[in-house]
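What the coordinates show
Spelled out from the first residue to the last, the chains are:
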Amino acid sequence: MEAAPPGFDYNPSAWFRRVRFSLLAATAMLIAAWMSLYQFELIGGVWDPVFGEGSEKVLTSETARQMDRWLRVPDAALGAWGYMSEAVLALVGGTRRWQHRPWMVILFGIDVILLGGAGVLLVIMQGFVVGAWCTPCLITAAISLILVYMAYDEVWACMKYLWRVWKRTRSGAKVWRVFCGYPLDVAEEAALPRGAG
C-alpha cells in the first residue's frame, strides 16, 4: 500500500494520478506541436472547427510574430516544449516523491504554474490584443488549468511535509537537506500522521 502524506487519505504521488497527468500534458503537447508546425510554415493551415480562420489569424498575428522575435522560437513550439517537460516531470520519481524528492515536486509545480499562467495570458491577449480566437489555443489553455488543478495536491503535500520538518527542527539547513532528498530521522517522523511517530 502506498503511503499517504499526513492530512491526506490518498497518495497524491500515486502512479495512476501521475500517469493521467502525463497523458493529458502529452495531449496538449501534440496540439501545441501541430500549431507550431504552422508557425514554422511546415504545414499550410490549421483546422479550427469553431472560429474558422481564427487560429491562423492568432498564430500569424503581429503579437505572435513579436513573441517569435523576442523568444527566437514560435510561442506554440515553446508551449509544446513546456507540456513535454510537464509530462516528463510528472513521471520522474517514486510514489513517495513528495517525501523523498521534494525538489522534484516543487520544480514540477513551478513548471505547471508557469505554463498555466502563460496559457491564461495568451487567451487574454487573443481577445483583447489580437481580436481573434483560436480553438486549439483555447483547448491547450484549458488543459493547462486542469493540469494546475491536478498537480496542486502533490505540491501542497510536499510543502506541508517540509513545513512539518521545519516545525520539528527550526533548522534551515535540515530543511534544505530534506528538500534535496537526503534522509533524516526527523524527516521520517514528519512524514508520519499525527500520533503515529
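Notes on the structure in this doc start here. Note that the coordinates shown come from a computational prediction; the quantities given were computed from them, not determined experimentally.

What counts, and where the lines are drawn
Residues numbered from 1 in each chain as written. Predicted model: local features only at pLDDT ≥ 70, side-chain atom pairs only at ≥ 80, totals over all residues. Heavy atoms only, no water. Helix = DSSP H or I, 4+ residues; strand = E, 2+ residues; numbered from the N terminus. Contact = heavy atoms within 4.5 Å. Buried < 20%, exposed > 50% of the residue type's maximum accessible area, 1.4 Å probe, protein only. Lys, Arg positive; Asp, Glu negative; His and termini not counted. Salt bridge = Lys/Arg side-chain N within 4 Å of Asp/Glu carboxyl O. Core = buried A, V, L, I, M, F, W, Y, C linked by side-chain atoms within 4.5 Å.

Let us look at the environment of Ala 77. Residue position: Ala 77 is located in helix α4 (residues 75-91). For Ala 77 and Leu 138, which are 61 residues apart along the polypeptide, the C-alpha to C-alpha distance reads 16 Å. Look past the residues within four positions of Ala 77 in its chain and what remains in contact with it is Ser 36, Gln 39 and Phe 40.

Further remarks concern the side chain of Asp 75. Among the structural elements, Asp 75 can be located in helix α4. Arg 65 provides the closest opposite charge to the buried, salt-bridge-free Asp 75, at an N-O distance of 10 Å. Each residue touching Asp 75, except ones within four places of it in the same chain, is listed here: Gln 39, Met 67 and Leu 122.

Here the focus is the nonpolar core. Counting 16 residues, the largest nonpolar core has Phe 21, Ala 25, Tyr 83, Phe 108, Val 112, Leu 147 and Ala 151 as the members making the most contacts within it. When contributions to this core are tallied by element, the ones reaching two or more residues are α1 (15-39), α4, α6 (102-130) and α7 (135-169). Among the elements that make up this core, the one with the highest residue count is α4 (five residues). Those residues in contact with Phe 108 that lie beyond four places of it in its chain are Phe 21, Glu 86, Leu 89, Ala 90, Arg 97, Ala 151 and Glu 154. The next biggest cluster of nonpolar side chains, apart from the first, holds 12 residues, and it includes Val 155, Cys 158, Tyr 161 and Phe 179.

Attention now moves to the side chain of Ser 55. With respect to the helices and strands, the residue Ser 55 is situated in helix α2 (residues 54-59). Excluding residues within four positions of it along the chain, Ser 55 makes contact with Val 46, Asp 48, Trp 133, Cys 134, Thr 135 and Pro 136.

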